[in-house]
Amino acid sequence: MHPLLRKAIKERFGRLNRLQQDAFREVSSGKGVLIIAPTGSGKTEAAVLPVFNEILEGGLKPVSALYVAPLKALNRDLLERLEWWGKKLGITVEVRHGDTSAYRKAKQTKSPPQILIITPETLGVILTVKSLRKHLENVKFVIVDEIAELVDNKRGAQLLLNLERLAEIADFRRIGMTATVGNEEEVREWLKADVIVKPNWKKRYRFHVLYPRPTEKDLELARELSVSPEIASRLRALWGVVEGHGKALIFTNTRQFAEILAHRLKAWGKPVEVHHGSLSREARIKAEKALKEGRIKALICTSSMELGIDIGDVDVVIQYMSPRQVNRLVQRVGRAKHRIGEVSEGYVIATNVEDYLQSLVIAKHALEGRFEAVEPMGGLDVLAHFVVGLLIEYKKLPRERPYEIARRAYVYRDLSWSDYLDVLGVLEDARLIGYDEERNLLYLRRGAFQYYYENLSTIPDEVSWKVFDSKSGHVIGRLDESFVMDLEEGMEFVMNGRSWIVLKIDDEARLLKVRESKSLESAIPSWEGEMIPVPFSVALDVGRLKRELAFDFEKAKGLLEGVEFSEEELRRAFDEIKDEPFSTDRDIVVESTPKALVIHADFGSRANEALGRLVHSLLILRYGRVFSVRSQGHAVVFKTPFRLNPEEVKHYLYQEPKSLEFIVSRALRDSHAYRWRMTNVAKRFGALRRDAKIRRIERLFEGTVIERETLNELYHDKVDVKKGELVLEMLKRGTMRVKTVLRKEPSTLARLNMTVGGEFLLSGTLEGDEVLELFRKRLLDHEVVLVCTNCGWHSRTKVARLQNIELRQCPRCGSKMLAVAHPIDAEEFLPVLEKVRHGKPLEKRAERTYRKLLKAADLVDSYGFEAVLALASYGTGPDTAARLLAQYRGEALLVALMERERQFIRTRRFWVDRKEKEEGGEEGS
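Cut-off values and rules
Residues numbered from 1 in each chain as written. Predicted model: local features only at pLDDT ≥ 70, side-chain atom pairs only at ≥ 80, totals over all residues. Heavy atoms only, no water. Helix = DSSP H or I, 4+ residues; strand = E, 2+ residues; numbered from the N terminus. Buried < 20%, exposed > 50% of the residue type's maximum accessible area, 1.4 Å probe, protein only. Expected span 1.5 Å × (residues − 1). Pairing = 2+ DSSP bridges. Axes fitted to C-alpha atoms, helices over the stretch in contact; angles between N-to-C directions. Core = buried A, V, L, I, M, F, W, Y, C linked by side-chain atoms within 4.5 Å. Contact = heavy atoms within 4.5 Å. Patch = residues over 30% accessible without salt bridge, like charges linked within 9 Å, V, L, I, M, F, W, Y side chains within 5 Å. Areas by Shrake-Rupley, 256 points an atom, 1.4 Å probe, with all protein chains shown as cover. Salt bridge = Lys/Arg side-chain N within 4 Å of Asp/Glu carboxyl O. Lys, Arg positive; Asp, Glu negative; His and termini not counted. Charge placed at Lys NZ, Arg CZ, Asp CG, Glu CD. Parallel < 35°, antiparallel > 145°, perpendicular 65-115°, else oblique. Left-handed = near helix turned anticlockwise from the far one by under 90°. Phe/Tyr/Trp six-rings, centres within 6.5 Å; stacked < 30°, edge-to-face > 60°. pLDDT = per-residue confidence, 0-100. Disulfide = S-S within 2.5 Å. Polar contact = N/O pair within 3.5 Å; in protein donor to acceptor, adjacent residues only side chain to side chain.

1. Some thoughts on the overall build of the chain
- Along the backbone of the chain there are 38 helices and 30 strands.
- Each of the 925 residues in the chain was classed as buried or not, and the buried ones make up 60%.

What follows is the structure, given as structure tokens:
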């Protein structure tokens, strides 16, 4: 080990732990390494220290190593740690992503760092930058952080292909890091690492699963907080855990629910703050600091806090409602007492009997180390982008060369020549590439550059849909497209605290025509699109637990050995359902009520989606489109205009297993989700322009590779046909049976699955109003800079302070052209303004900056304080603000801004925005 590194290690933490020593030895011996370890094990140092050592020992030229990080992995704490090591060792460490300025990028090209931190998408940009390629030839290591975030999606497929492009010019080793997964060997092969390095100790956890019931005290709290006694009992139990342990992280499964829970606890006078991806960076830092310094006792958060943000020591983690997956529970609870040798303690507070039993099973799976596998994903649309990228690099290539390179990547190892030719066919039809048959060469055509840089990200551009109330004739709000794609006509959803029934989905106009349904209970909340799917293995074991509880309570308790729970709570939970129909790992129950039919089935979200599509298709054949269907982890719910015969539905389940894929694929082709997916797949292929709107797109690409890829994507993400076939096979063999029951009123479990997936902590219209008020308060607390676009006078202030002052005039020059800007934008604008005032020419980027601030000033002049609010909200630039301000006022504007924030976060979270695409295009060409 190099003396400088030995000295820095001693200063930082005395000595390396065993995991770090093992990783150091393996990397130093010339191997590619996959490091698998829980939170707090020192994975980052295990990966980077041997790389730092080789740079020092071998005097490696820059760029010596690439550090590839998904957004969530590269948090501020991680960056500070890498920079600390770099400074101590005299090794340059820099970041390059969508927010990196043109100046910084140019500097990196002239004088590259030894370690360059990038996103997966950025690799696709820098491979095409001629001036950088000579430095990329020096790369000896590629470190991939948080691999589990990449394996099961197209971002990962794109990264693997781009690493093979890099391998054409550089000889490098791969080092990967991930939390524990269920298919370690497959993930190692995915990365092409030689060995797996794991800790020699087993991380210890203590899981408590609580199912509180109301007491007399809770009745008083319920009145105080305007909630039900049951919810009051859960809040009391939650705060009891916080008081008993000290500093806490409280996880929820969605961002809106985190806001609601935080609001309820604050109303109770408890010192908490909220932390999730939709909040500004400043708000998140403020919340983290408050917990670190002990000014609050708990942080209410979502997955934004799963990875190693430095907030000091946490004593306990509380999960409100089931975490739905084993990996998720372990990652979250691992944040408590995460030092080696400490026991991480976590509590799950369940909200109903199904939630409770599911939480118990997940806790048991976690103790047994039964983690979910992450399913590797390829994609022929990603392959198309890769082919064009290679041709941008080499201009002309033999036709078989991209095929040979692609097959080196794990997810394309079985790529057929015919599929490859189909991909080339789409690219030729789109006039992005050409093929010279005589010389057997592929070559680039006009339009290829624009296509390539517009599709650097595999994440679809998220657009919002207008929701139009057919009764009032007004647009009442907007919804994210990712939520809309799961809606069908006749389904109900919750928005702004009211429920609406979908009358028509207009794909071309991106419009939902709705009417109020007055039925909050059966409607889907607008954040359910964020919900984590329940895996097949978890759902099946919940079924087994119910079966054992019915026959032998003591034996059932044995299934949960090691999990901390109350026997009295377990008995009470089962008492709620024991005299009613329930499914098990050997029984499906078809329950028919006058207005709904529920198939109780413990097969998880994606397998139940396949079974739901099957039954729905067969019902449509007989009765027409009069039903809506919704699949969940333990049930499939049909809303019906009349009572269905459960025996008829039972008959539909006894289909030949091999027929399932055909029936499901036909059903999917007729869905809005299919059309939405196909549009995005076609854009990634280059068969559609980014701004295209096509009526009946499913007909346009019928029978093509684009149709096949659309179905493959749906099967991977939403519908598990293979597990569905397994269920039908069990029914055929007789190892699974179907029971039927007619009821006047829904059973307890039927009612749970017919109502909202999560619980409302607020009732009726209060939910929308109070969440909106929270959003408004957050906007008022934002820091902005007031800038005079005439003389450059500027003042940093909070939005709230601008409510009651005259915004029309600059105090220095009297100009009425005052803009409101984010502090970073203001910093960028002021030097540009100086150039303008001195008559100097502006480059393209500077001109865009100048026009942006002028437009912001126009908006403030025209709309006053409402423009300030719009410009202060996250993700709303002057163009978007102008559009929203022209459409909305008052509360409607706040709703639109809140929806815009959610939409922006979803598409922005991987750092690839239009800025990078534009700059990448300039660099590459």
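2. Description of helix α16 (residues 380-394)
- Here α16 contains 15 residues, and its C-alpha end-to-end distance of 21 Å stays within 8% of the 21 Å for a straight helix at 1.5 Å per residue.
- When you tally the buried positions in α16, you get 14 out of 15 residues, the bulk of the element.
- Backbone geometry just downstream of α16 places Lys-395 in the positive-phi region, at approximately 70°.

3. Some thoughts on the sheet that holds strand β15 (residues 433-436)
- Ordered in space as β14-β16-β15, the 3 strands form an open sheet in which the pairing is antiparallel. The sheet is open, and its two borders are formed by β14 (396-398) and β15, each paired with just one other strand. Along the sheet, successive strands turn relative to each other by an average axial angle of 25°, direction set aside.
- Alignment of β15 against strand β16 (residues 441-444), held across 4 bridges, turns out to be antiparallel. Bridged to Tyr-435 within β16 is Leu-442.

4. Observations concerning the pairing of strand β1 (residues 33-36)
- Every second residue of β1 is oriented toward a common face, with Val-33 and Ile-35 on one face and Leu-34 and Ile-36 on the other, all of them buried.
- The pairing of β1 with strand β7 (residues 195-197) spans 3 bridges and is classified as parallel. Of the residues in β7, the one forming a bridge with Ile-35 is Val-197.

5. What to know about the nonpolar core
- Leu-66, Leu-166, Leu-383, Ile-599 and Phe-603 are the most contacted members of the largest nonpolar core, which totals 116 residues.
- Of all the elements, α16 adds the most residues to this core, at 10 residues.
- Contacts of Leu-66, omitting those with residues within four sequence positions, involve Leu-116, Ile-118, Leu-123, Ile-126, Leu-136, Val-139, Phe-141, Val-142, Ile-143 and Leu-166.
- Membership of the second largest hydrophobic core comes to 46 residues, among which are Val-348, Ala-363, Val-534 and Val-542.

6. Focus: unusual backbone geometry
- For the bond running from Pro-62 to Val-63, omega is -5°, close enough to zero to count as cis.
- Secondary-structure assignment places Val-63 in the loop between α3 (43-58) and β2 (65-68).
- Not every positive phi belongs to a glycine, and Lys-192 is a case in point at roughly 70°.
- As for its placement among the helices and strands, Lys-192 is situated in the loop between α9 (184-191) and β7.
- On the accessibility criterion, Lys-192 (36% relative accessible area) is partly exposed.
- Of note, the phi angle at Met-321 is positive, near 75°, even though the residue is not glycine.
- With respect to the helices and strands, Met-321 occurs in the loop between β12 (316-320) and α14 (326-333).

7. Overview of a negative patch on the surface
- A grouping of Glu-428, Asp-429, Glu-437 and Glu-438 is seen on the molecular surface, where their side chains present a negatively charged patch.
- Structurally, the position occupied by Glu-437 is in the loop between β15 and β16.
- Using a relative accessible area of 66% as the deciding quantity, one classes Glu-437 as exposed.

8. Let's talk about α14
- For α14, the buried fraction is high: 7 of the 8 residues fall into the buried class.
- Listed as buried for α14 are Val-326, Asn-327, Leu-329, Val-330, Gln-331, Arg-332 and Val-333.
- Packed against the buried residues of α14 are β8 (204-210), β9 (248-251), β12, β13 (343-349), α15 (353-368) and α21 (536-551).

9. What about the sheet that holds strand β26 (residues 635-639)?
- Strand order in this open sheet of 5 strands is β25-β26-β24-β23-β27, and the pairing throughout is mixed. If you trace the sheet from one side to the other, it starts and ends with β25 (628-631) and β27 (737-742), each paired once. Each neighbouring strand pair of the sheet contributes to a mean axis angle of 15°, computed without reference to strand direction.
- Here strand β23 (residues 587-592) runs beside strand β24 (residues 596-600); their pairing, made up of 4 bridges, is antiparallel.

10. Quick notes on the packing of α15 against α21
- Relative orientation of the contacting elements α15 and α21 amounts to 115°, with a least axis distance of 9 Å. By the angle class used here, α15 and α21 are roughly perpendicular. The two elements α15 and α21 cross, and the hand of that crossing is right-handed. Within the contact between the two elements, α15 uses Leu-357, Gln-358, Val-361, Ile-362 and His-365 and α21 uses Ser-537, Val-538, Asp-541, Val-542, Leu-545, Lys-546 and Leu-549.

11. Things to note about the side chain of Glu-121
- With respect to the element layout, Glu-121 can be found in helix α6 (residues 120-126).
- Exposure remark for Glu-121: the relative accessible area of 1% places this residue in the buried category.

12. Side note on the packing of helix α26 (residues 660-669) against helix α30 (residues 721-733)
- At a closest axis distance of 10 Å, the pairing of α26 and α30 adopts a crossing angle of 130°. Taken together, the axis directions place α26 and α30 in an arrangement best described as oblique. Crossing of α26 over α30 shows right-handed handedness. Facing Leu-660, Glu-661 and Val-664 of α26, the residues of α30 in contact are Val-721, Lys-722, Gly-724, Glu-725 and Leu-728.

13. Section: the pattern of salt bridges
- Counted by the stated rule, this structure contains 60 salt bridges.
- Across the pair Asp-22 and Arg-18 runs a salt bridge whose closest N-O atoms are separated by 3.3 Å. With Asp-22 and Arg-18 both in helix α2 (residues 18-28) and 4 residues apart, the pair spans about one turn of that helix.
- In the salt-bridge network here, residues are joined through shared partners; they are Lys-154, Asp-381, Arg-677, Arg-684, Glu-709, Glu-713 and Asp-717.

14. Section: the environment of Pro-581
- Note on placement: Pro-581 falls in the loop between α23 (567-575) and β23.
- Distance in space between the C-alpha atoms of Pro-581 and His-600 is 8.5 Å, their sequence separation being 19 residues.
- Sequence-distant contacts of Pro-581, defined by excluding residues within four places in its chain, comprise Val-589, Glu-591, Val-741, Arg-743, Ser-747 and Leu-749.

15. Here we look at the pairing of strand β29 (residues 794-798)
- When strand β28 (residues 783-788) meets β29, the two strands line up antiparallel, connected through 5 bridges. In the sheet register, Val-787 faces β29, and the bridge partner there is His-794.
- Counting the residues that bridge the hairpin from β28 to β29 gives 5 residues, and of these Gly-792 lies at a positive phi of roughly 95°.

16. What about the packing of aromatic side chains?
- Following the criterion strictly, the structure yields 14 aromatic pairs and no others.
- For the ring pair Phe-574 and Phe-582, a centre distance of 5.7 Å and an interplane angle of 75° mean the geometry is edge-to-face. Just as Phe-574 is buried, Phe-582 falls in that class too.
- Here the aromatic rings of Tyr-623 and Phe-627 are separated by 5.9 Å at their centres, their planes lie at 80°, and the arrangement is edge-to-face.
- Taking relative accessible area as the criterion, Phe-627 reaches 6% and is therefore assigned buried.

17. Concerning the confidence of the model for the chain
- Averaged over all residues, the pLDDT of the chain is 84; the fraction at 70 or higher stands at 88%.
- Note that pLDDT drops below 50 for residues 906-925; the model gives that stretch 61 contacts with residues more than four away or on any other chain.

18. Points about the environment of Arg-18
- Judged by its relative accessible area of 44%, Arg-18 falls in the partly exposed class.
- In this structure the C-alpha to C-alpha distance between Arg-18 and Trp-201, which are 183 residues apart in sequence, comes to 9.2 Å.

19. With respect to the state of the cysteines
- Enumeration according to the criterion identifies 0 disulfides in this entry.
- For the unlinked cysteine Cys-810, the closest cysteine sulfur is that of Cys-791, found at 3.7 Å.
- The thiol sulfur of Cys-813 is not disulfide-bonded, and the nearest other cysteine sulfur, from Cys-788, lies at 3.6 Å.
- You can call Cys-813 partly exposed: its relative accessible area is 36%.

20. Focus on the side chain of Thr-119
- Here Thr-119 shows up in the loop between β4 (115-118) and α6.
- A distance of 2.7 Å separates the side chain of Thr-119 from the side chain of Thr-122, its partner in a polar contact.

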